[in-house]
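So the chains spell out like this:
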Amino acid sequence: MTTAVPVDDRDAEARRALTALARDGAAPTRATADPVDAPAGEVGGWAGRVMGVLRVATHVVGVNALVLLGTLAGLVLLGAFPALDAGGRLLARLADGRPSDQLWRDFWSAYRAGWRRSNLLGAPAWPVGALLYADTAVVRFVDGPAAAVLAAGVLALGAWFAVALLTLVAVARRYDEPARRAWRFVALFPLLSPGTSAAVLVVVAAVAVSVLALPVLGPLVGVALPLLAGGWLVDRRLGALDTRSA
């Protein structure tokens, strides 16, 4: 006569672990595979990191080319802001870790969908840009203290304009606001967020200096890099403002 022995749960787990071992030379199951193996289709280690950096760089260069092409397609005046909007959307996806798999199709889809609204929102920027260009031309022909005052004014206007443009692209992407309300917020953004505005200016200045030192960078990343880095900074600030106002 045998005596029944209570079975401990740990004994059952141990038996299951033993019976889960590969039998008859079968390949080990996923549970027994090396946990440090890279996922299928991906390269691990430093090679994977290098490939990731190359993918991001290729994405940025591709978006830069599309923005330039979209601007030319609209004869600059009617193409610049739709191209910036479409490129900004693709780069925002890249910053969020959701890069587009079909840059060409996604860019032109966003370009066509936002063409009218982007041009309406961007219309006030053209006279400001013309004024900035005219002031820059005048500075070259002015001497003495007036030249210093005028140069300071041009520099301040240019800094505000750069921040306003990048903010406008992010605002157009995040909110469905009429042009007047959007520009009122955009115009006040440097005062509301001086830290973010200063960081955006550092990005713009760094790209400008790099392009001046190495002009080939202009058609490669001259537009997309400020859109990516500056747009990310503005997006973070807008997200914080949204959370605060919620």
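Residues numbered from 1 in each chain as written. Predicted model: local features only at pLDDT ≥ 70, side-chain atom pairs only at ≥ 80, totals over all residues. Heavy atoms only, no water.

J.: An account of the environment of leucine 238 is requested, with residue identities and associated values reported.
T.: For leucine 238, the position within the fold is in helix α11 (residues 224–245). A residue is classified by how much of its surface remains accessible, and leucine 238, at 1% relative accessible area, is buried. As a C-alpha pair, leucine 238 and threonine 167 span 71 residues in sequence and 9.3 Å in three-dimensional space. The contact partners of leucine 238, leaving out residues within four places of it in the chain, are Ala170, Val171, Arg174, Tyr175, Phe185 and Phe189. (Helix = DSSP H or I, 4+ residues; strand = E, 2+ residues; numbered from the N terminus. Buried < 20%, exposed > 50% of the residue type's maximum accessible area, 1.4 Å probe, protein only. Contact = heavy atoms within 4.5 Å.)

J.: Can you lay out the pattern of salt bridges for me, pointing to particular residues and giving the numbers?
T.: Once the charged atoms of two side chains with opposite charge are near each other, the side chains can pair. Under the definition given, this model contains nine salt bridges. A salt bridge links arginine 98 to aspartate 96, with the shortest nitrogen-to-oxygen separation between them at 3.6 Å. On the basis of relative accessibility, which here comes to 47%, the residue arginine 98 falls in the partly exposed class. Connected through shared salt-bridge partners, Arg173, Arg174, Asp235 and Asp242 make up one network. (Salt bridge = Lys/Arg side-chain N within 4 Å of Asp/Glu carboxyl O.)

J.: Break down the packing of aromatic side chains for me, with residues and values.
T.: The way to describe two aromatic rings as a pair is by their centre distance and the angle between their planes. Applying the stated criterion across every chain, the model contains six aromatic pairs. Ring centres of phenylalanine 81 and tryptophan 126 lie 5.7 Å apart, and the angle between their planes is 90°; on these two criteria the pair is classed as edge-to-face. Taken as a pair, phenylalanine 81 in helix α3 (residues 80–95) and tryptophan 126 in helix α6 (residues 125–139) lie far apart in primary sequence, 45 residues in all. Residues tryptophan 108 and tyrosine 111 carry aromatic rings whose centres are separated by 5.1 Å and whose planes lie at 70° to one another, so their mutual orientation is edge-to-face. A residue pair is termed a helical-turn pair when its members lie 3 or 4 positions apart in one helix, as tryptophan 108 and tyrosine 111 do in helix α4 (residues 103–113) at three residues. Through a chain of ring-to-ring contacts, three or more aromatic side chains come together here, namely Trp104, Phe107, Trp108 and Tyr111. (Phe/Tyr/Trp six-rings, centres within 6.5 Å; stacked < 30°, edge-to-face > 60°.)

J.: Any chance you could break down empty space enclosed by the protein for me, citing the residues and the numbers?
T.: Any empty space left between the atoms is revealed when a probe the size of a water molecule rolls over them. One pass over the full model with this rule turns up one cavity of 30 Å³ or more. Considered as a void within the structure, the largest cavity measures approximately 70 Å³ in volume. Phe81, Leu84, Asp85, Ser118, Leu121, Gly122, Leu168, Val169 and Ala172 together form the lining of the largest cavity. For the lining of the largest cavity, the secondary-structure elements that each account for two or more residues are α3, α5 (115–122) and α7 (145–174). (1 Å grid on protein atoms, 1.4 Å probe; cavity = no way out; pocket = protein on both sides within 12 Å on 5 of 7 lines; lining within 4 Å. Points joined across faces, edges and corners; volume = space filled by probe spheres on them.)

J.: Explain unusual backbone geometry to me, using residue names and the numbers behind them.
T.: A positive phi angle, close to 55°, is found at leucine 75, a residue other than glycine. Inspection of the secondary structure assignment puts leucine 75 in the loop between α2 (45–73) and α3. A positive phi angle, near 65°, is found at valine 76, a position not held by glycine. Within the secondary structure, valine 76 is located in the loop between α2 and α3.

J.: Kindly report on the side chain of aspartate 85, identifying the contributing residues and their values.
T.: With respect to the element layout, aspartate 85 can be found in helix α3. Other than its neighbours up to four places away in sequence, aspartate 85 contacts Ala110, Ser118, Val169 and Ala172.

J.: Would you mind going over the nonpolar core in detail, with residue names and values included?
T.: Counting 42 residues, the largest nonpolar core has Val60, Val63, Leu91 and Phe107 as its most contacted members. Counting only elements with at least two residues in this core, the list comes to α2, α3, α4, α6, α7, α8 (179–192), α9 (194–213) and α11. Discounting chain neighbours no more than four positions away, the residues touching valine 63 are Gly87, Leu90, Leu91, Leu103 and Ala224. (Core = buried A, V, L, I, M, F, W, Y, C linked by side-chain atoms within 4.5 Å.)

J.: If you had to explain the side chain of threonine 167 to someone new, which residues and values would you point to?
T.: Within the fold, threonine 167 resides in helix α7. Sequence-distant contacts of threonine 167, that is, excluding residues within four places in its chain, are made with Phe185, Val186, Phe189 and Val234.

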